Amino acid sequence: MPSPTVIRAENVSKKYVISHLAKQQTLRDAMHHGLRLVWRRLRWNARLNREEFWALKDVSFEVKQGEVLGIIGRNGAGKSTLLKILSRITEPTTGRISINGRVASLLEVGTGFHPELTGRENIFLNGAILGMSRAEVRAKFDEIVTFAEIDQFIDTPVKRYSSGMYVRLAFAVAAHLEPEILIVDEVLAVGDTAFQRKCLGRMEQISASTGRTILIVSHQMTVIQRLARHCLLLERGRPRYFGVTGTAVQVYSANGNGGGGVFFDVTRTPRAFRGSGEAHIRSLRFDQETPHFDSGKPLCFVLSCTAVKNLPRSRVSLTIFAGDSAPVASGFSPECFDLRAGPPQTIRITIPSSPLAPGRYFCGVALGSGQPATGHRDYDVVLETLHFEVLPLENELGVATAWPQNWGHVILPEVRVEDI
């Protein structure tokens, strides 16, 4: 029997009106400016200097009971606006939303908390908002406090909590008070790595064991791919794609978002040319459909290039940069190959075992001859091509292994210890 639909959005749009008024320094300036606007409106029937902005336009989708729906898109794509409409914080300008079930939302730090109340009091307050009795909340209370790791501060007003404590308690309340629908925005990025892993595990448990529905917004494609089977991609307030998560991530990445695409066409990208010009790099792509790789597994690229003349004993070099543009690893191809003048030539580049820690990177590529120790000549260099993401490996229980950011970007291949 098919699962019932719990959320249905039909041509949902949201319009905001933005006023462009000059900043007034004094009360006299403000009054003078206001009178001028009124006079212009009365005499010429002129519109005030206002602009209509559609944060969402004609968004339609359905979510079945027990599904996890990922919502992705660039900043300003309308993701948070959509979640606020679904959470009934704001109304759509046009269109219709139908929701069947109790909704718990975690849209920003401290959503639904009263700052003057203690953590204990806010747990019971949120339970009452969700329609739960005190007995029901009391039965979950110890589990919530343990999950949030705030035992020592449970009777402290939440206005004195740090942002991390706020998030831990807010998520624990939303995840344990059994709403039929859980809506989570990027707010979990405030938490530390260990807590984020705990939250992901809890959301997987909620969806798999209780049949509750989850909507999650994140810029971390690893999170979206791990949790959601279906995904909604928004672009400038409009739905770009709604369907299988893998396809949505590919479409999103192919537009240069969220870690880059799988293909980089050098000939269509403005750049400062470097090198002797004896050969030209035309394109670089991954030898797979997505820009996501498992840590420790091979990295494979396909390079297309042309040569002005025959260039024997040529080499390829790669440099990997972290997201902050710091170089973290470089290497030359030990084998030489011959570049031939004429039509484009295709070369496969493979790093058999990636030493990169989980994180986001991009690569630079160069064609040339020789080696740094004996003298090297570059034919062509492109410093920023493909962006990609290295994913953490999972242990035998299916849990991703942690790699703290302050441990660096390169994993040592082997660390031996012996008693001497």
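Each chain has its residues counted from 1, running along the sequence as written. It should be noted that, the model being predicted, local features are given only for residues of pLDDT at least 70 and side-chain atom pairs only at 80 or more, the latter also being counted only at that level, while totals for whole chains, interfaces and linings use all residues. Just so you know, side-chain values use all the structure's heavy atoms and leave hydrogens and water out.

Caption draft 1: Spatial organisation of the overall build of the protein chain. Comment: elements are numbered from the N terminus, with helices defined as DSSP H or I runs of at least four residues and strands as E runs of at least two. Each helix and strand counted, the protein chain has 8 helices and 20 strands in total. Each residue's exposure class comes from its accessible area (1.4 Å probe, protein chains only) as a fraction of the maximum for that residue type: buried when under 20%, exposed when over 50%, partly exposed otherwise. The buried share of the protein chain, reckoned over its 420 residues, is 42%. When the accessible surface of the protein chain is summed, it comes to about 22,900 Å², and 51% of that surface belongs to carbon and sulfur atoms. Under the convention used here, a 1.4 Å probe and the Shrake-Rupley method define accessible areas, while residue burial counts only the protein chains that appear.

Caption draft 2: Expanded view of the sheet that holds strand S9 (residues 238-244). When DSSP finds at least two bridges between two strands, those strands are taken to pair. Here 6 strands make up an open sheet; going across it, the order is S5-S6-S7-S3-S8-S9 and the pairing mixed. In this open sheet, the two edge strands, each paired with only one partner strand, are strand S5 (103-106) and S9. The mean angle between the axes of side-by-side strands here comes to 15°, regardless of whether they run parallel or antiparallel. As judged from the 4 bridges shared by strand S3 (residues 68-72) and strand S8 (residues 230-235), these two strands associate in the parallel manner. Residue pairing for S8: glycine 70 is matched across the bridge by cysteine 231. Every angle, taken between N-to-C directions, lies between 0 and 180 degrees, and every axis is a line fitted to C-alpha atoms, over only the stretch in contact when it is a helix.

Caption draft 3: Structural context of a nonpolar patch on the surface. Candidates for patches are residues over 30% relative accessible area with no salt bridge; among them, like charges are joined within 9 Å and nonpolar side chains (Val, Leu, Ile, Met, Phe, Trp, Tyr) within 5 Å. Each reported salt bridge corresponds to a side-chain nitrogen of Lys or Arg within 4 Å of a carboxyl oxygen of Asp or Glu. On the surface, Leu412, Val415 and Val417 cluster together into a nonpolar patch covering about 370 Å² of accessible area. Position of leucine 412 relative to the elements: it lies in the segment after strand S20 (387-391). According to the relative accessible area criterion, leucine 412 is exposed, its value standing at 61%.

Caption draft 4: Representation of unusual backbone geometry within the structure. With a phi close to 50°, asparagine 11 is a non-glycine residue in the positive phi region. With respect to the helices, strands and loops of the structure, asparagine 11 is situated in strand S1 (residues 5-19). Positive phi is not limited to glycine here, since arginine 236 has a value of about 55°. The topology assignment puts arginine 236 in the loop between S8 and S9. Arginine 236 sits in the exposed class, given a relative accessible area of 76%.

Caption draft 5: Geometry of the packing of helix H3 (residues 119-129) against helix H4 (residues 134-148). The interhelical angle for the contact between H3 and H4, taken along N-to-C directions, is 130°, at an axis separation of 10 Å. Classified by the interaxial angle, the pair formed by H3 and H4 is oblique. Along this stretch, H3 crosses H4, giving a crossing that reads as right-handed. Two secondary-structure elements touch here, H3 through Arg120, Ile123, Phe124 and Gly127 and H4 through Arg134, Val137, Arg138, Phe141, Ile144 and Val145. For the contact of H3 with H4, the class distribution of residues is 6 nonpolar, 1 polar and 3 charged. Oblique is the label for any angle not under 35 degrees, not over 145, and not in the 65 to 115 range, which are roughly parallel, roughly antiparallel and roughly perpendicular in turn. Helix crossings get a hand from a simple test, with the near helix turned counterclockwise from the far one by less than a right angle marking a left-handed crossing and a clockwise turn marking a right-handed one. Note on contacts: a residue pair is in contact if any heavy atoms of the two residues lie within 4.5 Å. When residues are sorted by character, Ala, Val, Leu, Ile, Met, Phe, Trp, Tyr, Cys and Pro go into the nonpolar class, Asp, Glu, Lys and Arg into the charged class, and all the rest, Gly among them, into the polar class.

Caption draft 6: Quick look at the confidence of the model for the protein chain. The predicted model of the protein chain has a mean per-residue pLDDT of 79, with 79% of residues at 70 or higher. The predictor attaches a confidence to each residue, and that confidence, scored 0 to 100, is pLDDT. Here helix H1 (residues 27-44) is the element of the protein chain with the lowest mean pLDDT, 62, and strand S4 (residues 94-99) is the one with the highest, 91. Across residues 395-400 the pLDDT falls below 50, and counting only partners more than four positions away or on other chains, this stretch makes 8 contacts in the model.

Caption draft 7: Spatial organisation of the packing of H4 against helix H5 (residues 163-176). With their axes 8 Å apart at the nearest point, H4 and H5 run at an angle of 140° to one another. Considering how the two elements wind past one another, H4 and H5 form a crossing that is right-handed. Judged by residue contacts, Lys140, Glu143, Ile144, Phe147 and Ala148 of H4 engage Arg168, Leu169, Phe171, Ala172, Val173 and His176 from H5. Split into classes, the residues belonging to the contact of H4 with H5 amount to 7 nonpolar, 1 polar and 3 charged.

Caption draft 8: Up close: the packing of aromatic side chains. Centre distance within 6.5 Å is the pairing criterion for rings of Phe, Tyr and Trp, where only the six-membered ring of Trp is used; planes under 30 degrees apart are then read as stacked, over 60 as edge-to-face, and the remainder as tilted. Under the definition given, this model contains 11 aromatic pairs. A ring pair is formed by phenylalanine 61 and phenylalanine 242, whose centres lie 6.2 Å apart and whose planes are at 50°; its orientation type is tilted. In this pair, phenylalanine 61 sits in strand S2 (residues 50-64) while phenylalanine 242 sits in strand S9, placing the two residues 181 residues apart along the sequence. Using a relative accessible area of 3% as the deciding quantity, one classes phenylalanine 61 as buried.

Caption draft 9: Spotlight on helix H2 (residues 79-86). Along H2, 6 of the 8 residues are buried, which leaves the element largely enclosed by surrounding structure. Turning to H2, its buried residues are Lys79, Thr81, Leu82, Leu83, Ile85 and Leu86. Looking at the residues trailing H2, positive phi occurs at arginine 88, about 65°.

Caption draft 10: Representation of the pairing of strand S14 (residues 311-322). Counted residue by residue, S14 has 9 buried out of 12 residues, so it is predominantly covered. Looking at chain direction, S14 and strand S16 (residues 337-339) are connected through 2 bridges and run antiparallel. Note that in S16 the partner of leucine 311 across the bridge is leucine 339. Sheet topology places S14 next to strand S15 (residues 327-332); 5 bridges connect them, and they run antiparallel. Residue pairing in the sheet places serine 317 in a bridge with phenylalanine 332 of S15.

Caption draft 11: Just the pattern of salt bridges, in detail. Taken as a whole, this structure holds 9 salt bridges when the rule is applied. Across the salt bridge formed by lysine 309 and glutamate 278, the nearest N and O atoms sit 3.3 Å from each other. Of this pair, lysine 309 sits in the loop between strand S13 (299-307) and S14 while glutamate 278 sits in the loop between strand S10 (263-265) and strand S11 (279-286), and the two are 31 residues apart along the sequence. With relative accessibility at 43%, the residue lysine 309 sits in the partly exposed group. When the shortest N-O distance is used, the salt bridge between glutamate 278 and arginine 377 registers 2.9 Å. With glutamate 278 in the loop between S10 and S11 and arginine 377 in strand S19 (residues 375-382), this pair connects stretches of sequence that are 99 residues apart. Given a relative accessible area of 15%, glutamate 278 falls into the buried group. Linked by salt bridges that have partners in common, Glu278, Lys309 and Arg377 make up one network.

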